[in-house]
Amino acid sequence: MTPEPPPPPPADAPPPKPAPAAKPAAKAPPGPPLPPDPPPPDDTPRPSWLGPLEAALPGAVSQLVFWVGDWTLVTTPDRLAELLRWLRDEPGARFDFLSDLTATDWPARAERFDVVYCLYSVTRRERIRVKLRVSDETPVPSATALWPAANWFEREVFDMFGVRFAGHPDLRRILMPDEWQGHPQRKDYPLEGPGELLLENPIDWLKVRQRTTGADFE
């Protein structure tokens, strides 16, 4: 027996809904923009120490930047030490306080790291920044001979970013354990941390950690 065909739909029945369109594949978010390094506006007064600096160390400043009210002197690793010493010792400058030394990571750039020195003149109450751009392979001259406090700052930059400081008296990690893998403030560092295990339970983490020493943990 031949089966009867299905009855036609009612005339007032709504048309069938089209199949949902396939969702486009998720795109990776764009990389971070490069840092703004604008030149000083033409009507910005130049600091009184800048002319003597350019005369004393020609070519030591490769770029002048003026950003959010502060001057930044961009230099290179081979000119860094003499530039910092001049800024510290020159009577017209006297940037005698290293208030901070830090870094930023721009992985899209060949010289991916900006190493930044924040200097302050206690007597003249003026701030400037000195910045240099370096790659993974480029060592940075240590500033510990000029400012002893650079010892701790440079160790932190080494620990977090992997930037090496030539001539540092004791370059080792300062925040992370000695056996830690990688450098946590690099932008390509995995969010879950290094290694193959991601353990939410701290007891499980301690058990795995103790296996490396052969100790028992209960």
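Residues numbered from 1 in each chain as written. Predicted model: local features only at pLDDT ≥ 70, side-chain atom pairs only at ≥ 80, totals over all residues. Heavy atoms only, no water.

A. Local environment of helix H2 (residues 77-89). With 13 residues, H2 extends 19 Å from end C-alpha to end C-alpha; this agrees with the ideal 18 Å at 1.5 Å per step. Where H2 is concerned, the buried positions are Arg79, Leu80, Leu83, Leu84, Trp86, Leu87 and Arg88. Packed against the buried residues of H2 are helix H1 (50-56), strand S2 (70-75), strand S4 (113-121), strand S5 (126-134) and strand S6 (140-141). (Helix = DSSP H or I, 4+ residues; strand = E, 2+ residues; numbered from the N terminus. Expected span 1.5 Å × (residues − 1). Buried < 20%, exposed > 50% of the residue type's maximum accessible area, 1.4 Å probe, protein only. Contact = heavy atoms within 4.5 Å.)

B. Just unusual backbone geometry, in detail. With a phi close to 55°, arginine 94 is a non-glycine residue in the positive phi region. The topology assignment puts arginine 94 in the loop between H2 and strand S3 (97-105). One non-glycine residue with positive phi stands out, namely arginine 125, at about 55°. Relative to the helices and strands, arginine 125 is located in the loop between S4 and S5.

C. Layout of the layout of surface pockets. Empty space within the second largest pocket amounts to approximately 200 Å³. Every residue along the wall of the second largest pocket is listed here: Pro35, Pro36, Asp37, Val65, Trp67, Thr72, Thr104, Trp106, Asp114, Val116, Arg129 and Lys131. Every element with two or more residues in the lining of the second largest pocket is listed here: strand S1 (63-67), S4 and S5. Split by residue class, the lining of the second largest pocket holds six nonpolar, two polar and four charged. (1 Å grid on protein atoms, 1.4 Å probe; cavity = no way out; pocket = protein on both sides within 12 Å on 5 of 7 lines; lining within 4 Å. Points joined across faces, edges and corners; volume = space filled by probe spheres on them. Nonpolar A, V, L, I, M, F, W, Y, C, P; charged D, E, K, R; others polar.)

D. Structural context of the environment of glycine 182. Here glycine 182 lies in the loop between strand S7 (165-166) and helix H4 (202-211). Apart from the residues lying within four places of it in its own chain, the contact partners of glycine 182 are Asp159, Arg173 and Tyr189.

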